Amino acid sequence: MMIDHTRFFLLLFPISAAFWWFFEYLNRFVQNWSYTGVHFSSWEYFCYATLSFSTVLPAVLGTRDLFHNAHWIRPGFDSFKPFKCSHPKIWAFFSLAISGIGLACIGVWPNHFFSLLWMSPLIIIISLQILMGEQHILSDISAGHWNRLISSATAALFCGFFWEMWNYYSLAKWEYSIPFVYRFKIFEMPILGYAGYLPFGLECAVIGDLLERSMKTSENKQTTEIPV
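As the structure is a prediction and not an experimental result, all values here were calculated from the model.

## Some details on unusual backbone geometry
Even without being a glycine, Gln31 presents a positive backbone phi close to 55°. Among the secondary structure elements, Gln31 is positioned in the loop between helix H1 (6-30) and strand E1 (33-36). Gln31 gets classed as partly exposed once you look at its relative accessible area, which sits at 43%.

See the structure below:
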């Protein structure tokens, strides 16, 4: 990615920072994680946190590219069982409405709807793409191509394991407070909490696709401009 898609790779860093700050905002409602050992001023905290958050998308998408051609993923999931949805726009409309309502409910009943912090943004984006007739991350599974989906979700889980491991031995770290599932921890994360990395990987892939698509659109406009 650094060599073949340098501009895309560099743009991932600022977009990644904004992307994770969005989840930090949602966490203000559910308070599923908090930071300890952090003794900085507000401006220092913002700068150091932004620097850390900027590595999320490059890490997940870089690992996704590594997994995408792995021998243990491609043969099994590149020609898997097709999954076709009848009336996709109707389903997208209802999914969009339910996810939007669920995301709003996070602020009212955070202990019951906290899991939608990870699910709702993904469903909202995919639903909007379906309603607008655009390609989306689930498009390929109608033809049985699950490789991209599986590699994206697995990449986030893989990165998440190392993030949790490094966090466990850090002086400045995050700690979890997750209702109903706070038991059987691996490092600081409850074992069931690792399931949240799977939809998160798809969200990372969706953001990467949107960036790549916008870059291609911008390049096409530049090449089709007629000089006056």
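## A word on the pattern of salt bridges
Under the counting rule described, the total for this entry stands at 5 salt bridges. Where Asp65 meets Arg64, a salt bridge forms, and the shortest distance between an N and an O atom there is 3.1 Å. Since its relative accessible area comes to 37%, Asp65 is described here as partly exposed. Taken together, the shared-partner salt bridges connect Lys173, Lys185 and Glu188 into one network.

## Digging into the environment of Tyr182
Relative to the assigned elements, Tyr182 resides in the loop between strand E2 (173-176) and strand E3 (185-186). As for Tyr182 and Gly193, which are separated by 11 residues in sequence, their C-alpha atoms are 8.2 Å apart.

## Some remarks on the packing of aromatic side chains
Within the structure shown, the criterion is met by 30 aromatic pairs. Relative to Phe23, the ring of Phe19 lies with its centre 5.2 Å away and its plane at 85°, an arrangement referred to as edge-to-face. Of this pair, Phe19 and Phe23 both sit in helix H1, 4 residues apart, which is roughly one turn of that helix. Looking at Phe19, the relative accessible area reads 11%, which means it is buried. For Phe23, a relative accessible area of 1% corresponds to the buried category. Measuring from ring centre to ring centre gives 5.0 Å for Trp21 and Phe53, while their planes differ by 80°; the resulting arrangement is edge-to-face. Pair noted here: Trp21 is in helix H1 and Phe53 is in helix H2 (residues 42-53), with a separation of 32 residues, a long-range link.

## Things to note about the side chain of Asn32
Note on placement: Asn32 falls in the loop between H1 and E1. Apart from residues no more than four positions distant in its own chain, Asn32 is found in contact with Asn27, Phe114, Glu175, Tyr176, Ser177, Ile178 and Pro179.

## Considering the nonpolar core
Within the largest apolar cluster, 35 residues are counted, with the highest numbers of intra-cluster contacts made by Phe23, Val60, Leu117, Tyr197 and Phe200. At the level of secondary structure, the elements contributing two or more residues to this core comprise H1, H2, helix H3 (56-68), helix H7 (116-131), helix H8 (147-168) and helix H9 (197-224). Counting residues per element, this core draws most heavily on H1, at 8 residues. Apart from the residues within four sequence positions on either side, Phe23 is in contact with Trp33, Leu117, Trp118, Phe200 and Glu203. In this structure, Leu122, Ile137, Leu202 and Ala205 belong to the second largest nonpolar core, which totals 12 residues.

The rules behind the values
- Residues numbered from 1 in each chain as written.
- Predicted model: local features only at pLDDT ≥ 70, side-chain atom pairs only at ≥ 80, totals over all residues.
- Heavy atoms only, no water.
- Helix = DSSP H or I, 4+ residues; strand = E, 2+ residues; numbered from the N terminus.
- Buried < 20%, exposed > 50% of the residue type's maximum accessible area, 1.4 Å probe, protein only.
- Salt bridge = Lys/Arg side-chain N within 4 Å of Asp/Glu carboxyl O.
- Phe/Tyr/Trp six-rings, centres within 6.5 Å; stacked < 30°, edge-to-face > 60°.
- Contact = heavy atoms within 4.5 Å.
- Core = buried A, V, L, I, M, F, W, Y, C linked by side-chain atoms within 4.5 Å.

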